[in-house]
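If you want the building blocks of each chain, they are given just below.
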Amino acid sequence: MNAPSRGALSARPPRLADVIIRAVTGCLGAGMVLLPAGQLTGRSWALLPIGLALVAVSLAGPLARWRMVGTLAAGTAVIESALTRPDLAVLAWEGLLILGYLLLVDAPRAMPGTVTAHWLWRQLPLAAWGVFTAAIVLVVLAVRVPVSAWLLVAGAGAAVAAVVIALPRRPGQPREPS
Amino acid sequence: MTEGPPAARGEPTVPAPAAAADPAPGALAGPAPVPAATQRPAPGPVAAAQPPVPATWQAAPRLRRLATIGVAVVLVAILTRHADLLLLGAPALAALAAARRGSRHEALDAAVTAAPARCFEGEDVEIVATVAAPVDEVKFRIEPGPAVTVIDGPVTQVAVAGEPASARWVVQPHAWGRHHLCTVTAMCTDGMGQASLTLRPGRVEVFPHPPAVRASMLPADLLRRIGEHTAAAPGAGIEFFGIRGYQPGDRLRDLNWAVTSRLGQPHVNQRAALRAADLVIMIDAFSDVGPPGDTTLDVAVRGAAGLATAYLRTGDRVGVVVLGGVLKWLAPAPGNRQFFRIVEMAFGVRFPSEANPDLDRVPRTALPPRALVVLFSPLLDRRALSAVTDLRQRGVSLVIVDVLTREPPGEPRLPLSQLAVRLWRLDRGALRSSLAGLGVPVLSWDSGTGLEGAQAPLRGRRIRAVR
């Protein structure tokens, strides 16, 4: 009475929703690597196959469980952009592609269709915040503002206020009943 | 170090499962395949659930990724003095800021259950894992134990907030024993925090699946008790035994008319008596070699369960002696309840020991002189062979079932490896020949086949006591 081999466990065919998620993630990853690649020169061309390979490895294969692979793929895209210095619009698209790739590469495997839809719905606020922020930064960088001391003070004040708001607060002590 | 049955030591005995009670007499008759419906273990309570599990929260991988990319972009922008590059990291940092921190409870209400808590080998056991705490996402992953197969349900299952966080699998254990069938890892993600919980269901009692076998091995001298085995003495049985002259009191229906007319004197047919037998099963637990679920001890206990089922069905008394670190025994007794007593005793045999068993400590009631003793052994440990010597001195009818059917793996790259395997084969052959020379039949049996075939060399032969 031999026990069946454990290999039978991994022989299940992948779900359609899982395949779609992986395909979309691959497209986003390939896009973030390929978008700035047109202006690569010389040895920096080596970043292109490295980035694509990292994207592919992060989606399937034995190294996919190593979470650093996805981060390295996104880091490759950042280095490409730093080397090529594309336009603001291209940079904004690149940032959104990186965000989309980083959000989807975390998707759990083997989710049923309804669970996948629910999971994607829960990622929507993060993506929306990313788009909103990219638009604001794009506008801020596109508009040339003259150097002003008042603007500097306002920015510093906003930063301090943000830190004060974000700091965790100590819960108040309950009062003793009199 | 010796040890008797719990009752003999004055300890409370383990109550047998409810379904193990003796059935109606009619239930014992008939060649029903094993395990018979009357011998199914009671399902038992669902394995106990765990209390809230302490959770150690740490940063989720997504938080690390987004933060790493955001910080890297800011550094690159500063080092290259190119503020436009901030556009690369701004969406990631915004998503990081927008994400919830998560409620990070110190303990999460999580549990995993296994039902039923008692089953036979190869039967389905349902594993259900649940996390009742409100978290964003739970990823369940089952890690089956050795000789356990997941037959239903994906290995990894995901539940997101708004759905009941539970996962279900159906597993099949292929090794008897009282053990945890699996380990379930629940990876809980809440906001940007993540906690990994390791859950184990309660122990499940997996009974050995008895192989198909009939009670055909019998000692030469049967007991004076009425049973179902044909004895070598006249009595009130069914099978023809002989012819003798008519004596007052004989029934007329027993008259053999052909002989009577030929000899001119009335003669009657004699019938063989039906007697019972005592079977003592010995399990050699000194050696346990082989792959999980198919070790020599697994095979031995399966064979013991098969023989016990067959002989108990015919109304015989069956006992067991476990030759292991602690010498344990169970005096022969009839009834299906005895099957479960034997198996429950076998649950505790799997531990290593260097102690030598002293069969003299086994009381006469546990090892009756005219009992048939069947020793399941891989014949690897000299202590088991010395036990054979002890049994010879007691004058019992002994049969050895060799449960070692695998040869040691040879290493083709080593020139002397094949020679070593050949020497090992010769050694085994010599051992079996010496046992056969002593008058002890040695049968070979692999659990992949029925025990019936292994008994074929002894068919129609009564086993005599060896001295």
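Note that the structure is predicted; figures quoted are calculated from it, not measured. Along every chain, residues carry numbers that run from 1 in the direction the sequence is written. Working convention: letters from A go to chains and numbers from 1 go to ligands, in the order in which they are written. Where totals are concerned, whole chains, interfaces and linings use all residues; where local detail is concerned, this predicted model gives features only for residues with pLDDT of at least 70, and gives and counts side-chain atom pairs only at 80 or more.

### What about the overall build of chain A?
Part 1 of the reasoning: Secondary structure elements are taken from DSSP: a helix is a run of H or I of four residues or more, a strand is a run of E of two residues or more, and numbering for both begins at the N terminus. Along chain A, the regular secondary structure elements total six helices and zero strands.
Part 2 of the reasoning: In sequence order, the secondary structure elements of chain A are arranged as α-α-α-α-α-α.
Part 3 of the reasoning: A burial count over chain A gives 24% of its 178 residues as buried.
Part 4 of the reasoning: Once C-beta atoms have been placed from the backbone, residue pairs whose C-beta atoms lie within 7 Å are recorded as contacts. Considering only intrachain contacts with a sequence separation of at least 6, the fraction spanning at least 24 residues in chain A is 72%. Residues are called buried when their C-beta atom has 20 or more other C-beta atoms within 10 Å, exposed when it has 12 or fewer, and partly exposed otherwise; all C-beta atoms are positioned from the backbone.

### Focus: the interface of chain B and chain A
Part 1 of the reasoning: At the junction of the two partners, chain B supplies 44 residues and chain A supplies 43 residues.
Part 2 of the reasoning: Looking at the side of chain B that touches chain A, the elements that each hand over two or more residues are helix H1 (61-80), helix H2 (86-98), strand S8 (148-152) and strand S9 (156-160) of chain B.
Part 3 of the reasoning: Amino acids are sorted into nonpolar (Ala, Val, Leu, Ile, Met, Phe, Trp, Tyr, Cys and Pro), charged (Asp, Glu, Lys and Arg) and polar (every other residue, Gly among them). For the side of chain B that touches chain A, the residue count by class is 25 nonpolar, 11 polar and eight charged.

### Concerning the pairing of S9(B)
Residue and element names in this part refer to chain B.
Part 1 of the reasoning: Among the five residues of S9, four are classified as buried, and the element is accordingly described as predominantly covered.
Part 2 of the reasoning: For strand S7 (residues 137-144) and S9, the ladder comprises five bridges, and the chain directions are antiparallel. Its bridge partner being in S9, Phe 140 is matched across the sheet by Gln 157. At least two DSSP bridges between two strands are needed for those strands to be called paired.

### Notes on the sheet that holds strand S23 (residues 442-444) of chain B
Residue and element names in this part refer to chain B.
Part 1 of the reasoning: The strand order across the open sheet formed by six strands is S20-S19-S18-S21-S22-S23, and the pairing between neighbours is mixed. The open sheet terminates on both sides in strands that have one partner only, identified here as strand S20 (328-333) and S23. When strand polarity is set aside, the average angle formed by the axes of neighbouring strands in this sheet is 20°. Only the stretch in contact is used when a helix axis is fitted, and all axes are lines through C-alpha atoms; the angle between N-to-C directions ranges over 0 to 180 degrees.

### Focus: the sheet that holds strand S2 (residues 57-59) of chain B
All names here are of chain B.
Part 1 of the reasoning: Reading across the sheet, the five strands line up as S2-S13-S12-S7-S9 and stay open at both edges, with antiparallel pairing between neighbours. Strands with a single pairing partner mark the edges of an open sheet, and in this sheet they are S2 and S9. Here the strands of the sheet are splayed against their neighbours by 25° on average, with no regard to which way each runs.

### Considering the environment of His118(A)
Residues and elements named next belong to chain A.
Part 1 of the reasoning: If you trace the backbone, His 118 turns up in helix H5 (residues 113-142).
Part 2 of the reasoning: On the basis of neighbour count, His 118 is assigned to the partly exposed category, with 18 C-beta atoms found within 10 Å.
Part 3 of the reasoning: Sequence spacing of His 118 and Val 143 is 25 residues, and the spatial spacing of their C-alpha atoms is 39 Å.

### Let's talk about the confidence of the model for chain A
Part 1 of the reasoning: Per-residue confidence from the prediction method is given by pLDDT, with values spanning 0 to 100. Residues of chain A with pLDDT of at least 70 account for 86%, and the chain-wide mean is 83.
Part 2 of the reasoning: Averaged pLDDT values for the elements of chain A fall to 86 in helix H6 (residues 149-166) of chain A and rise to 93 in helix H4 (residues 88-104) of chain A.

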